[in-house]
Amino acid sequence: MKEIYLDNNATTKVDEAVFEEMRPYFCELYGNPSSMHFFGGQVQSKVNEARNRVAGLLGASPDEIIFTACGTESDNAAIRSALEVLPDRKHIITSRVEHPAVLTQCRNLRQRGYRVSEIGVDGAGRLDMEELKATVDDDTAIVSLMWANNETGVIFPVEEAAAIAKSKGALFHSDAVQAIGKIPINMTDSLIDMLSLSGHKLHAPKGIGVLFVRRGTAFRPLLVGGHQEKSRRAGTENAAAIIALGKACQLAAEFMEAENSVVKAQRNRLQDALMAAIPHARINGDGAERLPNTTSIAFEFVEGEAILLLLSEFGICASSGSACTSGSLEPSHVLRAMGVPFTCAHGSIRFSLSRFTTDEEIDKVIRELPPIIARLRQMSPFGREHLKGQS
Amino acid sequence: MWDYTPIVKDHFLNPRNVGDIPDADAVGEVGSLACGDALKLYLKLDDNKDKIVDAKFQTFGCASAIASSSALTEMVKGKTLDEALAVSNQDIADFLGGLPEEKMHCSVMGQEALEVAIFKYRGMDIPQHDSEHDHGHAYPDYEGELVCKCFGITDAFLKKVIETNSLTTAEQVTNFTKAGGACGSCIPKIKELIAQVLGESAAKPRTRPEKLSNMKKMQLIQEVLERDIRPLLWADGGDLELIDIDGSRVQVAFRKACAGCASSGNTARMVEMKLRDLVAEDIVVEEVTQ
């Protein structure tokens, strides 16, 4: 069965051009970029080219780019570093809707004596900026806020938040894993100190990430050892993946306009058609500024895992904020923080598109999903009670 | 993705007996929208009001909740009420070829709906408890102290599930009942309940079951090895590993201090005696070196 892949916030297809770019660096050009000989040197120059390309997408300077193994490592490194360079400050600020890569780290640090504040969001998933202003103080070492939410696509005003953090001398980090490649980001005139990205969210392979650290921002490495990445991240470079990421960033810049026009139009068509066809549904994050590729829709009286598995029968790949799919027993912390009513928190489905999404694929979801929801509602004791007299 | 068996998938994709029975004799309802799963079970009895002639269900929940409900209705049709009451949550899981452990609470929900339906039909007292959240996971026929406030689960209900499924860790209890799966503040209390149940069951004389399916027998052998034998060996710095079970032949390998111990033959006989006492008379224990 051919997959209809609408789960691009989970991971993306490696672009064929990206794969071609990295292919020689396994069996042929396998040298260590740190080596003195020509054979390593030619890899070194491709790694440098990749660094330039990544910097180009971010509006950063190449020496501000540190390659890591994943977004999670970048997030962990940024927060740990801030606490080490500002040892007298014992307060960390993040939000209630962060990715676990940040949230779990912060909660572990709370166990170790740090004060952690989690800023709330409103019903549309927008950050409570007043709460943030009131929470930052002279003890705050770092404010870490995501650029865009992975579940809802809601975008946070990170520049504004960074200004609030800087006014009290705190460092500001943004987990921009979901935003990079989908919306324009420019670090040139930014107050953001550190920024995380992950390759596999923008058509590069898994296992490669970046931490941007602004020139002049003090940094302490998480991994120590060799002198790689100017001693800011020890460990032999994952050269092939770095080269792939460079290509992926170059392509992301080329496709940025399409992402915000073509993909966005597809996303809008999908959510509009589903909302028109299915009663008792709501868009999570409706009214907030959102990523162009993401829509999360909550369907009342049905459960997300059942929807996903029935979609899967048609080859349609999506994801859910429901409890049952994650192995936890409560709906996602993001939906709960937004106060999504319990009647539909369990039935939220996220569709995340990419530049590879076709109109035919969108048509198929619009065709197949409404009968699936109707079928599960027929089976549900609540669906029957609440939907009497409706189809 | 969950590793569902083909039977679970079949009962999810083609659920049997969905719907309601307007003139049902017995109806059992458990769960709630807030909890993420709920089941309403309808039973129709024969003229003598003894045998279940029809069963239907409505379920809100994940694939395994739907499959467990479907399986339950298939299992109870044709059974008398007393026979139906003997259906355990493990029987539902077995019917489906097994459930992922994190999904065992779906089978528990099925068994509970059945019990509630029959108790109510028989006019037995069903005390209600109010949970503090909207989250009232109603297993209403078990009164007692509310342990898990998030899912509204009492100590009496938890002890029943711990005992019937021989649960030994708080994580297992969460998988089987959801209790402790949200805020987690009741996990220490759950651990106390496990200790209580283990204490009670240790005090109770244990006897060999009368007859066992092969699957049950293998399970019981493993259980006795884990619970009764290995702790004894650990006390002497030894250990054993279960290598294979073939009918009544149980192959074990001795580890640590037991490996190569001159009296390991005696240890093997001790293991055999214990298994004969608690599992089946014809068990033969063989020592293998692996």
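What you are looking at is a predicted structure, and each value in this text was computed from that prediction instead of being measured.

Novice: Which parts of the structure should I look at to understand the overall build of chain A?
Specialist: A tally of helices and strands in chain A yields 15 helices and 13 strands. Compactness check: chain A gives a C-alpha radius of gyration of 22 Å against a globular reference of 21 Å for 391 residues, within 12% of the reference. Considered along the principal axes of its C-alpha atoms, chain A spans approximately 75 × 50 × 35 Å. When burial is assessed residue by residue, chain A has 60% of its 391 residues classed as buried. Counted over contacts in chain A with a minimum sequence separation of 6, partners at least 24 positions apart contribute 73%. About 15100 Å² of surface is accessible on chain A, with carbon and sulfur atoms providing 52% of the total. Taking the average location of the 42 positive side-chain charges in chain A and that of its 48 negative ones, the two points are 2 Å from each other.

Novice: Would you mind showing me how to read the overall build of chain B here?
Specialist: Looking only at helices and strands, chain B features 10 helices and 8 strands. Its C-alpha atoms put chain B at 70 × 40 × 40 Å along the principal axes. Counting the 290 residues in chain B, one finds 50% classified as buried. Once local pairs closer than 6 in sequence are excluded, the contacts in chain B between residues at least 24 apart make up 56%. Element-wise, carbon and sulfur atoms account for 48% of the exposed surface of chain B, whose accessible area totals about 13200 Å². Positive and negative charge centroids in chain B, built from 32 and 47 side chains respectively, lie 2 Å apart.

Novice: Honestly, the packing of helix H10 (residues 304-313) of chain A against helix H14 (residues 359-379) of chain A in this entry has me stumped. Any pointers?
Specialist: For any two helices packed against each other, one specifies the inter-axial angle together with the distance between the axes. Residue and element names in this part refer to chain A. One way to put it is that H10 packs onto H14 with a least axis distance of 10 Å and a crossing angle of 135 degrees. By the angle between their directions, the pair H10 and H14 is classed as oblique. Classified by chirality, the crossing of H14 by H10 is right-handed. Two secondary-structure elements touch here, H10 through Ala-306, Ile-307, Leu-310 and Leu-311 and H14 through Leu-369, Ile-372, Ile-373, Arg-375 and Leu-376.

Novice: Is there a simple way to explain the side chain of Ser-61 of chain A in this structure?
Specialist: Residue and element names in this part refer to chain A. Residue placement: Ser-61 occurs in the loop between helix H3 (38-58) and strand E2 (65-68). Of the polar contacts made by the side chain of Ser-61, one reaches the side chain of Arg-215; its length is 2.6 Å. Residues contacting Ser-61, with those up to four places away along its chain left out, are Ala-55 and Arg-215.

Novice: Help me understand the sheet that holds strand E13 (residues 348-352) of chain A, please; the structure alone is not making it clear to me.
Specialist: Across a sheet, strands are paired by hydrogen bonds formed along the backbone, either parallel or antiparallel in direction. Residues and elements named next belong to chain A. The antiparallel open sheet is built from 4 strands, whose spatial order is E9-E10-E13-E12. Edge positions in the open sheet fall to strand E9 (281-284) and strand E12 (319-320), since each of these has one partner strand only. Two elements, strand E10 (residues 294-299) and E13, share 5 bridges in a ladder whose sense is antiparallel. Note that in E13 the partner of Ser-296 across the bridge is Arg-350. Sheet strands touched by helix H9 (residues 239-277): E9, E10 and E13. Its angle to E10, the strand with the most contacts, is close to 10 degrees.

Novice: Please explain the domain arrangement of chain B as it appears in this structure.
Specialist: The accessible area lost on association of the parts is a frequent measure of interface size. Residues and elements named next belong to chain B. Split by domain assignment, chain B resolves into domain 1 (6-121), domain 2 (154-203) and domain 3 (214-287). On a C-alpha basis, the centres of domain 1 and domain 2 stand 23 Å from each other. On the side of domain 2, 10 residues touch domain 1, which itself brings 14 residues to the contact. Approximately 880 Å² of surface area, both sides summed, lies buried where domain 1 meets domain 2, with 47% of it carried by carbon and sulfur atoms. Looking only at domain 1, the three residues that lose the most surface to domain 2 are Glu-101, His-105 and Val-108, adding up to 49% of its buried area. On the surface where domain 1 and domain 2 come into contact, there are 3 salt bridges. Residue Asp-37 pairs with Lys-178 through a salt bridge whose shortest N-O separation is 3.2 Å. For the pair domain 1 and domain 2, the interface holds 7 residue pairs in polar contact (both at pLDDT 80 or more).

Novice: Please clarify how the interface of chain B and chain A should be interpreted in this entry.
Specialist: With 34 residues of chain B in contact, the opposing surface of chain A contributes 24 residues. When the two sides are added together, the surface that chain B and chain A hide from each other amounts to roughly 2400 Å², 69% of it contributed by carbon and sulfur. For the chain B face of the interface with chain A, the top three residues by lost area are Leu-13, Leu-33 and Phe-60 of chain B, together amounting to 26%. At the boundary of chain B with chain A, the tally comes to 1 salt bridge. The salt bridge partner of Glu-305 of chain A is Lys-103 of chain B, with a shortest N-O separation of 2.6 Å. Going through the elements one at a time, helix H1 (6-13), strand E2 (37-45), strand E3 (52-60) and helix H2 (63-76) of chain B are the ones with two or more residues in the side of chain B that touches chain A. Considered class by class, the residues forming the side of chain B that touches chain A number 18 nonpolar, 11 polar and 5 charged.

Novice: Can you help me understand the environment of Lys-178 of chain B in this one?
Specialist: Residues and elements named next belong to chain B. With respect to the helices and strands, the residue Lys-178 is situated in the loop between helix H7 (170-177) and helix H8 (187-203). Given a relative accessible area of 2%, Lys-178 falls into the buried group. C-alpha of Lys-178 to C-alpha of Ala-262: the two residues are 84 residues apart in sequence and 48 Å apart in space. Within the structure, Lys-178 has its side chain in polar contact with the side chain of Asp-37 (distance 3.2 Å).

Novice: Please explain the confidence of the model for chain B as it appears in this structure.
Specialist: Interpreting fine coordinate detail is not advised for predicted regions of low pLDDT. Confidence in the prediction of chain B, expressed as mean pLDDT, is 85, and 92% of residues score 70 or more. Within the model, the stretch residues 127-138 of chain B combines pLDDT values under 50 with 40 contacts to residues more than four positions away or in other chains.

What counts as what
Residues numbered from 1 in each chain as written. Chains lettered and ligands numbered in written order. Predicted model: local features only at pLDDT ≥ 70, side-chain atom pairs only at ≥ 80, totals over all residues. Heavy atoms only, no water. Helix = DSSP H or I, 4+ residues; strand = E, 2+ residues; numbered from the N terminus. Rg over C-alpha atoms; globule rule 2.2 N^0.38 Å. Buried < 20%, exposed > 50% of the residue type's maximum accessible area, 1.4 Å probe, protein only. Contact = heavy atoms within 4.5 Å. Areas by Shrake-Rupley, 256 points an atom, 1.4 Å probe, with all protein chains shown as cover. Lys, Arg positive; Asp, Glu negative; His and termini not counted. Charge placed at Lys NZ, Arg CZ, Asp CG, Glu CD. Axes fitted to C-alpha atoms, helices over the stretch in contact; angles between N-to-C directions. Parallel < 35°, antiparallel > 145°, perpendicular 65-115°, else oblique. Left-handed = near helix turned anticlockwise from the far one by under 90°. Polar contact = N/O pair within 3.5 Å; in protein donor to acceptor, adjacent residues only side chain to side chain. Pairing = 2+ DSSP bridges. Domains from an automatic or database assignment. Buried area = accessible area lost by both parts, 1.4 Å probe. Salt bridge = Lys/Arg side-chain N within 4 Å of Asp/Glu carboxyl O. Nonpolar A, V, L, I, M, F, W, Y, C, P; charged D, E, K, R; others polar. pLDDT = per-residue confidence, 0-100.

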